[in-house]
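# Observations on the model geometry
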Amino acid sequence: MEKTLVIIKPDTINRGLVGEVIDRFERKGLKLVAMKMQHLDDKILEEHYAHLVDKPFFTGIKQFMQRAPSILIVLEGRRVVEVVRKLAGVTEGTEAMPGTIRGDFSLSVQNTIIHASDSVESAGKEVERFFTKKEILEWDKIDTEVIYSDTEKE
Ligand code: ADP
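Attention here is on the structure that accompanies the text.

### A word on the site of the ligand
Around the ligand, a shell composed of Lys9, Tyr49, His51, Leu52, Phe57, Ile61, Arg85, Thr91, Arg102, Val109, Gln110 and Thr112 is seen. Within the side chain of His51, a nitrogen or oxygen atom sits 2.9 Å from an oxygen atom of the ligand. Between an oxygen atom of the ligand and a side-chain N or O atom of Arg85, the distance comes to 2.9 Å. When the ligand is considered free in solution it has 530 Å² of accessible area, and contact with the protein chains removes 81% of it. Counting atoms within 2 Å of the grid points, the majority share of the ligand lands in the largest pocket. Residues that form the shell around the ligand fall into these classes: five nonpolar, four polar and three charged.

### Points about helix α7 (residues 120-130)
For α7, the full list of buried residues reads Ser122, Ala123, Glu126, Val127 and Phe130. Projection of α7 onto a plane perpendicular to its axis shows the buried side chains occupying an angular sector of 135°, all on one side. α7 presents Glu121 and Glu128 as exposed residues on the side facing more than 90 degrees away from its buried surface. Contacts from the buried residues of α7 go to β1 (3-8), β2 (31-38), α3 (42-48), β3 (70-76), α5 (80-88) and β4 (114-116).

### Let's talk about the environment of Thr144
Structurally, the position occupied by Thr144 is in helix α8 (residues 144-147). Separated by 114 residues in sequence, Thr144 and Leu30 place their C-alpha atoms 9.3 Å apart. A distance of 2.7 Å separates the side chain of Thr144 from the backbone oxygen of Lys141, its partner in a polar contact.

Conventions adopted
Residues numbered from 1 in each chain as written. Predicted model: local features only at pLDDT ≥ 70, side-chain atom pairs only at ≥ 80, totals over all residues. Heavy atoms only, no water. Near = heavy atom within 4 Å. Polar contact = N/O pair within 3.5 Å; in protein donor to acceptor, adjacent residues only side chain to side chain. Areas by Shrake-Rupley, 256 points an atom, 1.4 Å probe, with all protein chains shown as cover. 1 Å grid on protein atoms, 1.4 Å probe; cavity = no way out; pocket = protein on both sides within 12 Å on 5 of 7 lines; lining within 4 Å. Sits in = over half its atoms within 2 Å of the grid points. Nonpolar A, V, L, I, M, F, W, Y, C, P; charged D, E, K, R; others polar. Buried < 20%, exposed > 50% of the residue type's maximum accessible area, 1.4 Å probe, protein only. Helix = DSSP H or I, 4+ residues; strand = E, 2+ residues; numbered from the N terminus. Arc of directions from axis to C-beta. Contact = heavy atoms within 4.5 Å.

Have a look at this one:
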C-alpha cells in the first residue's frame, strides 16, 4: 500500500504536541510502519529542502529545524500522501483551516508542526532519504478489515 514520510518538527516536540499529532494519524486509520527520533544535520536539511536553499529564509529554517530533534515517521494507507497533506493543512499556519493540524496548532509560516511528502514520487524518495529498507516494518494491523473494503485494502 502507498507510503508517505512525515517529519514531526522541533516546534511540536518543544510544545509537547507529539501525541496530539500522532493521534490524528491513528484516528484516521493510518498505519505506522516506521518511526525514529533524530537530530537533522545541515547536509540532510539541504537535501530535503533543496527547493528552498536559495531563499533568504533558508538560514531561519535550518536554525528552527535544529533547535531540537525531529521524529521521523512512515505512514501507510490508501492514498496516504494526499490524505496526510489534507490533515496537515496549508503551509501558512494563519491560513490553515481549523480542524487541520496546522490550522489547530500553528501561527507561523516557518514553524509548521510537521512535514508531509507532497506527491507519491517525492514520498518514495523521502522515505529512502531517512530510512533503510530494514527500518520499514511489515506487520498486520488488526483493524484493517474494518477500515477498508475488500478491494481497497491491497
Ligand atoms: P510545506 O511544508 O507545506 O510542504 P514548503 O515545501 O513550501 O511547504 O516549505 C517547507 C518548509 O519551509 C515549511 O513547512 C516551513 O517550515 C518553511 N517555509 C516555507 N515557506 C517559508 C517562508 N516564507 N518563511 C519561512 N519559512 C518557510
